[in-house]
Amino acid sequence: MVVAFKVTEDEHGGWAVLRVSGELDLVTSPVLRQRVHDAVAEGQRQLVVDLSDVFFCDSSGVGVLIGSRRLMRSCRGRLRLILPARGAEDGSHVNRVLGALGVRRLFDIHPDVASATEDEAGPLSA
């Protein structure tokens, strides 16, 4: 079974929202990297990356997320991730990977687009 990797863009309350689905790995992560760079080049400084539909993430995917954080910080922008908590056993794969690598605390994580795009949004606790 082949699952298509897809990144779609939307806007919500002044935030660019990149919705990612499929596997975020060595082959697909350059697509997400380019989409983040394109958003920044277009002047976007508030970016949400929705990883709700990502069911696999390897180290190259994590690298793109860390690089995206660094890029947004360098241009005084804000990056927020959506990693829904579906329960301890069936929670987000990306959430578990970031936690296992000890980098989850680097990100401003939210459960959904509505909370991620609120001006006074507070991140989920790590």
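In this text, all values refer to a predicted model and were calculated from it rather than measured experimentally.

Draft legend 1. Broad picture of the overall build of the protein chain. A tally of regular secondary structure across the protein chain gives 4 helices and 5 strands. Starting at the N terminus and ending at the C terminus, the protein chain contains elements arranged as β-β-α-β-α-β-α-β-α. For the protein chain, buried positions account for 47% of its 126 residues. Contacts spanning at least 24 positions in sequence make up 69% of the contacts within the protein chain whose residues lie at least 6 apart. Total accessible area on the protein chain is roughly 6800 Å²; 51% of this is exposed by carbon and sulfur atoms.

Draft legend 2. The arrangement of the nonpolar core in detail. If you look at the biggest cluster of nonpolar residues, it comprises 28 residues, and the most contacted ones within it are Leu32, Leu51, Leu81 and Leu98. Elements represented by at least two residues in this core include exactly strand 2 (15–24), helix 1 (29–41), strand 3 (46–57), helix 2 (59–74), strand 4 (78–82) and helix 3 (93–101). Not counting residues up to four positions away in its chain, the partners in contact with Leu98 are Val62, Leu65, Leu81, Leu83, Val103, Arg104 and Phe107. Core analysis: the next-biggest nonpolar cluster, separate from the first, contains 6 residues, Trp15, Val17, Val48 and Ala116 among them.

Draft legend 3. Main features of the pairing of strand 3. Two strands pair when backbone bridges link them, and strand 2 and strand 3 are joined in this way by 8 bridges, in the parallel orientation. Across the sheet, the residue bridging to Glu23 is Phe56, located in strand 3. Following the backbone out of strand 2, through helix 1 and into the adjacent parallel strand 3, one traces a crossover that is right-handed. Where strand 3 meets strand 4, 5 bridges bridge the pair, whose relative direction is parallel. Each bridged residue has a counterpart across the sheet, and for Gln46 the counterpart in strand 4 is Arg78. The handedness of the strand 3 to strand 4 crossover, carried by helix 2, is right-handed.

Draft legend 4. The arrangement of the pattern of salt bridges in detail. The full count for this structure, using the stated rule, is 4 salt bridges. When salt bridges that share partners are traced, they join Asp10, Arg19 and Asp50 into one network.

Draft legend 5. Quick look at helix 2. Its 16 residues give helix 2 an end-to-end C-alpha distance of 22 Å, which sits within 8% of 22 Å, the value for a rise of 1.5 Å per residue. Among the residues making up helix 2, those that are buried are Ser60, Gly61, Val62, Val64, Leu65, Ser68, Leu71 and Met72. Residues of helix 2 that are buried in the fold lie against strand 2, helix 1, strand 3, strand 4 and helix 3. Downstream of helix 2 by one or two residues, Arg76 has phi in the positive range, about 60 degrees.

The rules behind the values
Residues numbered from 1 in each chain as written. Predicted model: local features only at pLDDT ≥ 70, side-chain atom pairs only at ≥ 80, totals over all residues. Heavy atoms only, no water. Helix = DSSP H or I, 4+ residues; strand = E, 2+ residues; numbered from the N terminus. Buried < 20%, exposed > 50% of the residue type's maximum accessible area, 1.4 Å probe, protein only. Contact = heavy atoms within 4.5 Å. Areas by Shrake-Rupley, 256 points an atom, 1.4 Å probe, with all protein chains shown as cover. Core = buried A, V, L, I, M, F, W, Y, C linked by side-chain atoms within 4.5 Å. Pairing = 2+ DSSP bridges. Right-handed = clockwise from strand over helix to strand, strands pointing away. Salt bridge = Lys/Arg side-chain N within 4 Å of Asp/Glu carboxyl O. Expected span 1.5 Å × (residues − 1).

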